[in-house]
Amino acid sequence: MKRTLLSIAVTSLFFVYSSTNAQISKSKIVKNNSVKSTITDEQLMDKVQKDALKYFWDYAEPNSLLGRERYHEDNIYPDNDKHVITTGGSGFGLATLLVGVERGFIPRKEAVKRFTHIMDFLAKADRHKGAWSHWINGETGKTVPFGKKDNGGDLVETAFLTSGILMVREYFKNGNVEEKALAAKCDELWKGIQWNWYTKGGEKVLYWHWSPEYQWEMNFPLEGYNECLITYILAASSPTYSIDAETYYKGWTRNGTYLTDKTKYGLPLYVKHNYAEEYGGPLFWAQYSYIGLDPTGLSDKLVKNYFDINKNQTLIDYKYCVENPKQWKGYGPNYWGLTAGYTRNEDGSTGYTAHMPGNDNGVITPTAALSSFPYTPKESMNFLRFIYTQKPEFIGSAGPYDATSINYNNWFTPRYLAIDQGTIAPMIENYRTGFLWKLFMNAPEIQQGLKKLSFQSNKYGIK
């Protein structure tokens, strides 16, 4: 399957696959994932966190030990890309592994070895003014082009990875000799990223891509609102190559013009979601930047509470699925959630699209509801309980499959994507304990960077 930039005007980061393989025979997948209805909520959250952890612990790319772009239970890889790792998804994987250590799901000592190996690999991998590419060859560390001209640094994917790197550093920095050495490796990687290079010579906006071969030809400024907020936070927080506050407010907020007074289902959206102003974008916009960045009570000069933005976007998605204007079979309070991921093509084969209310084809992506626990705990728990106790066919070796559809005779694809599976355990943990939020928000540079951008958070003493 070839991944290309999605041509429909729905968002800034949607990709589409054109699938060449026929529909997968479900009979080839042998599973026994039945869960008793008497299982408690806590046990269910443990289970799905453990299952999602397997993607990055058991099924990691064997040389780099980072997260594969995709893991296919059917072992069918039309593009022969089993060895390709994804930068952003690997960042979510680092956070997932930390959850595994903190909960005792994986041995701390073994995790330190894994993390150390990963940081050594990243130090030797291709970097472009300090940033990593979207895709990396896990066997060689060389850049794998995401598209013809997208063959250099990807600042957004780098930000997702860096968020994970910083949380690893914070978790182990006061540990034993091996752990302190690991933290030092993380620190060095973080300080080597030239965030301000990606302003294209000092423009008051960050750019997504830069390539040694094609320079700035991708020409993709990072302007809100979408999933990219964390990129500006990290760029402002860098102790070595930082941006100023003007770049944030002129670039990300479009000179302060990205606010809106629109509502849906009686819920304010607060900001204009890029190309999705009626319902808001896909749910990963409320998740990717917030693996470490705690939106609870977080404000800046324009936004009073980022948590409200994310909660309302998620509730709008939920209410849309319950309303179910297209009358898809199965949609309802226990089966909801639209975000980018694998999908079902019209011929029954597996494709990829950005599911959201404005692009709804009857496919539910489990990570959408599961990674929304901080915002919609009751609705997310209803989904979690339903899919594990009533739809075991939708559960595979690394948790819920990436794409499911009750409407199409309980269709699913026995496949996973790192960017989707990687947000499940971290966001559930942030709901349960705030573990990753505390690590990231208490990092000294992050505190300073947020203050530089006039962010405030009483929870973390940022004023």
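An unreviewed UniProt entry annotates the protein as Beta-glucosidase of Chryseobacterium contaminans.

Peer 1: Help me get a handle on the nonpolar core, residues and values and all.
Peer 2: Of all hydrophobic cores here, the largest spans 144 residues; its most connected members are Leu-98, Met-119, Leu-122, Tyr-248, Leu-293 and Tyr-306. Looking at this core element by element, the count peaks at 11 residues for helix H4 (residues 155–172). Here Tyr-306 is in contact with Leu-229, Tyr-248, Tyr-258, Tyr-290, Pro-295, Leu-298, Ser-299, Asp-300 and Phe-455, once residues within four sequence places are set aside.

Peer 1: Please provide a residue-by-residue account of the pairing of strand E12 (residues 350–354), values included.
Peer 2: With five of five residues buried, E12 is to be regarded as a mostly interior element. The two faces of E12 match: Thr-350, Tyr-352 and Ala-354 on one face and Gly-351 and Thr-353 on the other face are all buried. Alignment of strand E11 (residues 340–344) against E12, held across five bridges, turns out to be antiparallel. Looking at the pairing, Tyr-342 lines up with Tyr-352 of E12.

Peer 1: Account for unusual backbone geometry, with residues named and values stated.
Peer 2: Of the consecutive residues Gly-224 and Tyr-225, the connecting peptide bond is found in the cis state with omega at 15°. With respect to the secondary-structure elements, Tyr-225 resides in the loop between strand E8 (209–210) and helix H6 (229–237). Within the chain, Arg-254 stands out as a residue other than glycine whose phi angle is a positive 55°. If you trace the backbone, Arg-254 turns up in the loop between helix H7 (245–252) and strand E9 (263–264). On the basis of relative accessibility, which here comes to 31%, the residue Arg-254 falls in the partly exposed class. The backbone phi angle of Asn-255 is positive, close to 60°, even though this residue is not glycine. Structurally, the position occupied by Asn-255 is in the loop between H7 and E9.

Peer 1: Give me the UniProt feature "domain: Glycoamylase-like" (unreviewed entry) in the protein: which residues, what numbers.
Peer 2: On the UniProt side, "domain: Glycoamylase-like" (unreviewed entry) is annotated at positions that read residues 219–443 here. Taken end to end, residues 219–443 is 33% helix and 12% strand, and its two terminal C-alpha atoms sit 32 Å from one another.

Peer 1: Can you explain the side chain of Asn-430? Please cite residues and give values.
Peer 2: Along the polypeptide, Asn-430 turns up in helix H12 (residues 424–432). Within polar-contact distance, the side chain of Asn-430 engages the backbone nitrogen of Leu-436 at 3.2 Å. In contact with Asn-430, not counting residues within four places along its chain, are Tyr-290, Ile-291, Phe-435, Leu-436 and Trp-437.

Peer 1: Can you explain the pattern of salt bridges? Please cite residues and give values.
Peer 2: Taken as a whole, this structure holds 26 salt bridges when the rule is applied. Between Arg-432 and Glu-42 there is a salt bridge; the shortest N-O distance is 2.6 Å. In this pair, Arg-432 is assigned in helix H12 and Glu-42 in helix H1 (residues 41–57), connecting sequence segments 390 residues apart. By relative accessible area, Arg-432 is classed as buried at 18%. By relative accessible area, which is 45% here, Glu-42 ends up partly exposed. Asp-294 is the partner of Lys-459 in a salt bridge, and the nearest nitrogen-oxygen pair spans 2.7 Å. Here Asp-294 lies in the loop between strand E10 (267–268) and helix H8 (306–323) and Lys-459 lies in the segment after helix H14 (444–452), a separation of 165 residues in the sequence.

Peer 1: Can you tell me about helix H3 (residues 108–124), naming the residues and giving the values?
Peer 2: Since there are 3.6 residues in each turn of an α-helix, residues three or four apart along the chain are aligned in direction. Helix length check: H3, at 17 residues, gives a terminal C-alpha distance of 25 Å against a target of 24 Å (1.5 Å per residue), a fit within 8%. Buried residues of H3: Ala-111, Val-112, Arg-114, Phe-115, Ile-118, Met-119, Phe-121 and Leu-122, and no others. Structurally, H3 contributes buried residues whose contacts are with H1, strand E4 (84–86), helix H2 (87–102), strand E5 (135–137), H4 and helix H5 (177–191).

Peer 1: I'd like to hear about H8, residue by residue, with values.
Peer 2: With 18 residues, H8 ought to run about 26 Å at 1.5 Å a step, and its terminal C-alpha atoms sit 26 Å apart, in line with that. Burial within H8 is extensive, with 13 of its 18 residues counted as buried. Directly beyond the C-terminal end of H8, a positive phi value near 50° is found at Asn-324.

Peer 1: Can you tell me about the side chain of Ser-405, naming the residues and giving the values?
Peer 2: Take Ser-405: it is sitting in strand E15 (residues 403–405). Take Ser-405: its relative accessible area is 0%, and that puts it in the buried class. Apart from residues lying up to four places away in sequence, Ser-405 is in contact with Tyr-335, Gly-362, Val-363, Phe-394, Asn-410 and Trp-411.

Peer 1: Kindly report on the packing of aromatic side chains, identifying the contributing residues and their values.
Peer 2: Applying the stated criterion to the full structure yields 40 aromatic pairs. Residues Tyr-232 and Tyr-248 carry aromatic rings whose centres are separated by 6.0 Å and whose planes lie at 70° to one another, so their mutual orientation is edge-to-face. Residue Tyr-232 is located in helix H6, and its partner Tyr-248 is located in helix H7; the two are separated by 16 residues in the primary sequence. The exposure classification of Tyr-232 matches that of Tyr-248, with both residues buried. With a centroid separation of 6.3 Å and 10° between ring planes, the pair formed by Tyr-335 and Phe-383 is classed as stacked. Remark: Phe-383 occurs in helix H10 (residues 377–390) and Tyr-335 occurs in the loop between H8 and E11; sequence separation between them is 48 residues. Each member of the pair, Tyr-335 as well as Phe-383, is classed as buried.

Conventions used here
Residues numbered from 1 in each chain as written. Predicted model: local features only at pLDDT ≥ 70, side-chain atom pairs only at ≥ 80, totals over all residues. Heavy atoms only, no water. Core = buried A, V, L, I, M, F, W, Y, C linked by side-chain atoms within 4.5 Å. Buried < 20%, exposed > 50% of the residue type's maximum accessible area, 1.4 Å probe, protein only. Helix = DSSP H or I, 4+ residues; strand = E, 2+ residues; numbered from the N terminus. Contact = heavy atoms within 4.5 Å. Pairing = 2+ DSSP bridges. UniProt positions renumbered as here; feature names shortened; annotations may be inferred. Polar contact = N/O pair within 3.5 Å; in protein donor to acceptor, adjacent residues only side chain to side chain. Salt bridge = Lys/Arg side-chain N within 4 Å of Asp/Glu carboxyl O. Expected span 1.5 Å × (residues − 1). Phe/Tyr/Trp six-rings, centres within 6.5 Å; stacked < 30°, edge-to-face > 60°.

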